[in-house]
Amino acid sequence: MKTNFFVYIILLLAYLVCVQAAKAENIHFNNDVYVLKSSQISTENKGYENEYFQNNETKDSWTKMIGIYYLPEKKDPINYANDEDKKIETKENVALIKFIENKKQDKALISYLENGEENGKKFFEYNLYKYEKHPTKGMMVLRFAKKYFFRTNEEITKIGQEVKKINDDLMEQFIITSIPPIVEKSI
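A short tour of the structure in this document, coming up. The model shown is predicted, which means the values in this text are computed figures rather than measured ones.

### Some points on the environment of Arg-143
Then step 1. For Arg-143, the position within the fold is in strand 8 (residues 139–150).
Then step 2. The spatial distance from the C-alpha of Arg-143 to the C-alpha of Leu-128 is 5.6 Å, given a sequence separation of 15 residues.
Then step 3. Beyond its immediate chain neighbours, meaning those up to four positions away, Arg-143 contacts Trp-62, Met-65, Ile-66, Gly-67, Tyr-69, Glu-125, Asn-127, Leu-128, Tyr-129 and Phe-174.

Next up, the structure:
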């Protein structure tokens with residue numbers, strides 16, 4: 001009897017370890033679950049990029065996503081966010097919603113809407129970015145994006161009202177959310 005009990009305990013511990021490993025590749029944010037579907041070294045910033053999508057979505061076709069980016073050669077999140085803010089301000093199809101910087105904690109947040117088209121369908125892409133120092137070297141970026149497809153001016157008005165309603169709440173969630181660690185494997 002003791003042998004069976006011991007075997008069950010070992011199996012239970014093995015199961016818990018496997019479940020924890022599987023959860024490392026999932027992110028829960030704003031009542032949705034995102035699954036790691038893209039992980040690669042970026043040729044542009046020489047760091048890893050992890051992108052998470054909802055279960056039935058992919059990198060090529062998505063409505064919501066979470067991105068985690070490691071920028072080992074960037075040192076100053078505030079300056080980097082200021083540069084991104086300036087780039088956003090110069091684009092015609094992008095509207096800055098809010099830019100927040102916290103110099104004491106060396107963090108910044110940017111939210112904006114970008115107009116685009118995919119497969120003949122027009123959309124607004126809501127983007128929220130958080131920039132903060134990496135504990136050892138470089139900088140980490142956390143991104144949430146959601147696409148809002150539309151056909152009529154009424155739908156555009158509804159999108160604007162929803163984004164206005166959710167932006168501050170999502171920014172507050174991002175402020176208190178710690179950036180998950182990068183998964184360093186190619187997918």
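### Remarks on the sheet that holds strand 6 (residues 107–118)
Pairing between sheet strands relies on hydrogen bonds along the backbone, with the strands arranged either parallel or antiparallel.
Then step 1. Pairing is antiparallel in the open sheet, where 8 strands are placed in the order 1-2-3-4-8-7-6-5. Each edge of the sheet is formed by a strand with only one pairing partner; in this case those strands are strand 1 (26–29) and strand 5 (94–102). Shown here is a sheet whose adjacent strand axes are inclined to one another by a mean of 25°, direction ignored.
Then step 2. Relative to strand 4 (residues 64–71), strand 3 (residues 48–53) runs antiparallel, the two sharing 5 bridges. Looking at strand 4, one finds that Glu-49 is bridged to Tyr-69.
Then step 3. Each of strand 4, strand 5, strand 6, strand 7 (121–133) and strand 8 is contacted by helix 2 (residues 77–90), which is oriented at about 165° to strand 5, the strand it contacts most.
Then step 4. Contacting strand 1, strand 5, strand 6, strand 7 and strand 8, helix 3 (residues 153–176) crosses the sheet at an angle of about 160° to strand 8.

### A word on the packing of aromatic side chains
Then step 1. Applying the stated criterion across every chain, the model contains 9 aromatic pairs.
Then step 2. Ring centres of Phe-29 and Phe-144 lie 5.3 Å apart, and the angle between their planes is 55°; on these two criteria the pair is classed as tilted. Remark: Phe-144 occurs in strand 8 and Phe-29 occurs in strand 1; sequence separation between them is 115 residues.
Then step 3. For Phe-144, a relative accessible area of 3% corresponds to the buried category.
Then step 4. Judged by centre distance (4.8 Å) and plane angle (20°), the ring pair of Phe-124 and Phe-150 falls under stacked. Of this pair, Phe-124 sits in strand 7 while Phe-150 sits in strand 8, placing them 26 residues apart in sequence. The burial state of Phe-124 is the same as that of Phe-150; both residues are buried.
Then step 5. Cluster of aromatic residues (ring-pair linked, three or more members): Phe-29, Tyr-126, Phe-144 and Phe-174.
Then step 6. Positioned above the aromatic ring of Trp-62, the side-chain terminus of Lys-147 is 4.2 Å from the ring centre.
Then step 7. The ring of Phe-123 is capped by Lys-147, whose NZ or CZ atom sits 5.1 Å from the centre of that ring.

### Some remarks on a nonpolar patch on the surface
Then step 1. Residues Ile-100, Ile-175 and Ile-176 make up a contiguous nonpolar surface patch of about 290 Å² in total accessible area.
Then step 2. By secondary structure assignment, the location of Ile-100 is in strand 5.

### Section: the side chain of Ser-38
Then step 1. Mapped onto the elements, Ser-38 comes out in strand 2 (residues 32–41).
Then step 2. Setting aside anything within four residues of it in sequence, one finds Ser-38 in contact with Glu-49, Asn-50, Glu-51, Lys-59 and Ile-187.

### Some thoughts on the pairing of strand 5
Then step 1. Examined bridge by bridge, strand 5 and strand 6 share 8 bridges and lie antiparallel to one another. Bridge pairing in strand 6 places Leu-96 opposite Tyr-112.
Then step 2. Remark: 4 residues form the turn of the hairpin made by strand 5 and strand 6, two consecutive strands paired antiparallel; Asp-106 in that turn has positive phi of roughly 55°.

### Comments concerning the pairing of strand 8
Then step 1. Counting buried positions along strand 8 gives 11 out of 12 residues, so the element sits mostly inside the fold.
Then step 2. Pairing between strand 4 and strand 8: 8 bridges, direction antiparallel. In the sheet register, Leu-71 faces strand 8, and the bridge partner there is Met-139.
Then step 3. Hairpin connection, strand 7 to strand 8: the antiparallel pair is bridged by 5 residues, and Gly-138 has positive phi, about 85°.

Basis of the calculations
Residues numbered from 1 in each chain as written. Predicted model: local features only at pLDDT ≥ 70, side-chain atom pairs only at ≥ 80, totals over all residues. Heavy atoms only, no water. Helix = DSSP H or I, 4+ residues; strand = E, 2+ residues; numbered from the N terminus. Contact = heavy atoms within 4.5 Å. Pairing = 2+ DSSP bridges. Axes fitted to C-alpha atoms, helices over the stretch in contact; angles between N-to-C directions. Phe/Tyr/Trp six-rings, centres within 6.5 Å; stacked < 30°, edge-to-face > 60°. Buried < 20%, exposed > 50% of the residue type's maximum accessible area, 1.4 Å probe, protein only. Lys NZ or Arg CZ within 6 Å of the ring centre and 35° of its normal. Patch = residues over 30% accessible without salt bridge, like charges linked within 9 Å, V, L, I, M, F, W, Y side chains within 5 Å. Areas by Shrake-Rupley, 256 points an atom, 1.4 Å probe, with all protein chains shown as cover. Salt bridge = Lys/Arg side-chain N within 4 Å of Asp/Glu carboxyl O.

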